[in-house]
Amino acid sequence: MSTAILRPNAAGDECNIQGEIGAACPNHYQNVDEVIHDGDATLVYQVNTIYFRDLYHLQDHTSETGVINSVTVFGYVRNSTGIGYTVKFAIKTGVTAYNGADQADTGTANYVLKSEAWATNPQTGVAWTWADIDALQAGISLKSATAVDGASCTQLYVEVDYTTFFSGIIHEILISNRALSAQEIKQLYLNPYDMFLR
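Parameters at a glance
- Residues numbered from 1 in each chain as written.
- Predicted model: local features only at pLDDT ≥ 70, side-chain atom pairs only at ≥ 80, totals over all residues.
- Heavy atoms only, no water.
- Disulfide = S-S within 2.5 Å.
- Helix = DSSP H or I, 4+ residues; strand = E, 2+ residues; numbered from the N terminus.
- Phe/Tyr/Trp six-rings, centres within 6.5 Å; stacked < 30°, edge-to-face > 60°.
- Buried < 20%, exposed > 50% of the residue type's maximum accessible area, 1.4 Å probe, protein only.
- Lys NZ or Arg CZ within 6 Å of the ring centre and 35° of its normal.
- Core = buried A, V, L, I, M, F, W, Y, C linked by side-chain atoms within 4.5 Å.
- Contact = heavy atoms within 4.5 Å.
- Salt bridge = Lys/Arg side-chain N within 4 Å of Asp/Glu carboxyl O.

Caption draft 1: Spatial organisation of the state of the cysteines. With the rule as written, the count across this model stands at 1 disulfide. A disulfide bridge connects Cys15 with Cys25, and the sulfur atoms are separated by 2.0 Å. Where Cys15 bonds to Cys25 through sulfur, the torsion about that S-S bond is close to -90 degrees, and the disulfide is left-handed. Taken together, the positions of Cys15 in strand β2 (residues 8-15) and Cys25 in the loop between β3 (19-21) and β4 (43-46) put the pair 10 residues apart, joining distant regions of the chain.

In structure tokens:
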């Protein structure tokens, strides 16, 4: 399997998180788009015990092809004092935004990598398409444990996990005198070079 990393590259349909270090709304995406997270240099943060959400447009995929297995949103998050915070990752596909599960953390003020995966497109109920990926928005909801602590996100990105199809030509196959296993048959269909050129 292969992965494609997509990072925020434009303002999305929502910019509701109330605090930032760096670009103000509607350009919060600039605070979370770095390849290597920059800690407290740029971020979005929320000092409130109820959720506020941002959504960001993402880079399109490039030359990737194949079956998409899952879409996962990742984010580096923390609380300013270590008392606690709760986050929910979100995606928007079509006209609807979908939230992931509440993810709470306590006891540390260090940035922690958290994530939420969607195996299928929640709008269609079937496998993702590359057109879905190119139209996708991703984001995060933040809330703090108390009204005086800040829940922060310094980096957010999406990972697309996919399986490529084999599109080459096999000139010769030598197989021992036995039946292929189900896994070998699947591999022969998906990527036979990986099966035979070892």
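Caption draft 2: The packing of aromatic side chains, seen in detail. Summed over all chains, the structure comprises 2 aromatic pairs. For the ring pair Trp130 and Tyr162, a centre distance of 5.3 Å and an interplane angle of 80 degrees mean the geometry is edge-to-face. In this pair, Trp130 is assigned in helix α1 (residues 130-134) and Tyr162 in strand β12 (residues 151-163), connecting sequence segments 32 residues apart. By relative accessible area, Trp130 is classed as buried at 14%. Relative accessible area serves as the criterion here: at 9%, Tyr162 is assigned to the buried category. Note that Arg7 overlies the ring of Tyr157, its terminal NZ or CZ placed 5.3 Å from the centroid.

Caption draft 3: Quick peek at the nonpolar core. Grouped together as the largest cluster of nonpolar side chains are 31 residues, with contacts concentrated most on Ile140 and Leu156. Every element with two or more residues in this core is listed here: β1 (2-6), β5 (52-58), β6 (67-79), β7 (85-93), α1, β11 (137-144) and β12. For this core, the element with the most residues is β12, which contributes 6 residues. When neighbours within four sequence positions are excluded, Leu156 is seen to be in contact with Pro8, Val32, Tyr56, Val73, Phe74, Gly75, Phe89, Ala138, Gly139 and Ile140.

Caption draft 4: Quick look at unusual backbone geometry. Cis geometry marks the peptide bond from Cys25 to Pro26; its omega dihedral reads 10 degrees. Along the chain, the position of Pro26 falls in the loop between β3 and β4.

Caption draft 5: The environment of Thr96, seen in detail. With respect to the secondary-structure elements, Thr96 resides in strand β8 (residues 96-99). In this structure Thr96 comes out as partly exposed when scored by relative accessible area, which is 31%. Along the primary structure Thr96 and Pro122 are separated by 26 residues, whereas in three dimensions their C-alpha atoms are 9.2 Å apart.

Caption draft 6: Geometry of the pattern of salt bridges. Under the counting rule described, the total for this entry stands at 4 salt bridges. A salt bridge links Asp40 to Arg78; the nearest nitrogen and oxygen atoms lie 2.8 Å apart. Linking Asp40 in the loop between β3 and β4 with Arg78 in strand β6, this pair joins segments that are 38 residues apart in sequence. You can call Arg78 buried: its relative accessible area is 13%. Where Asp105 meets Lys114, a salt bridge forms, and the shortest distance between an N and an O atom there is 3.8 Å.

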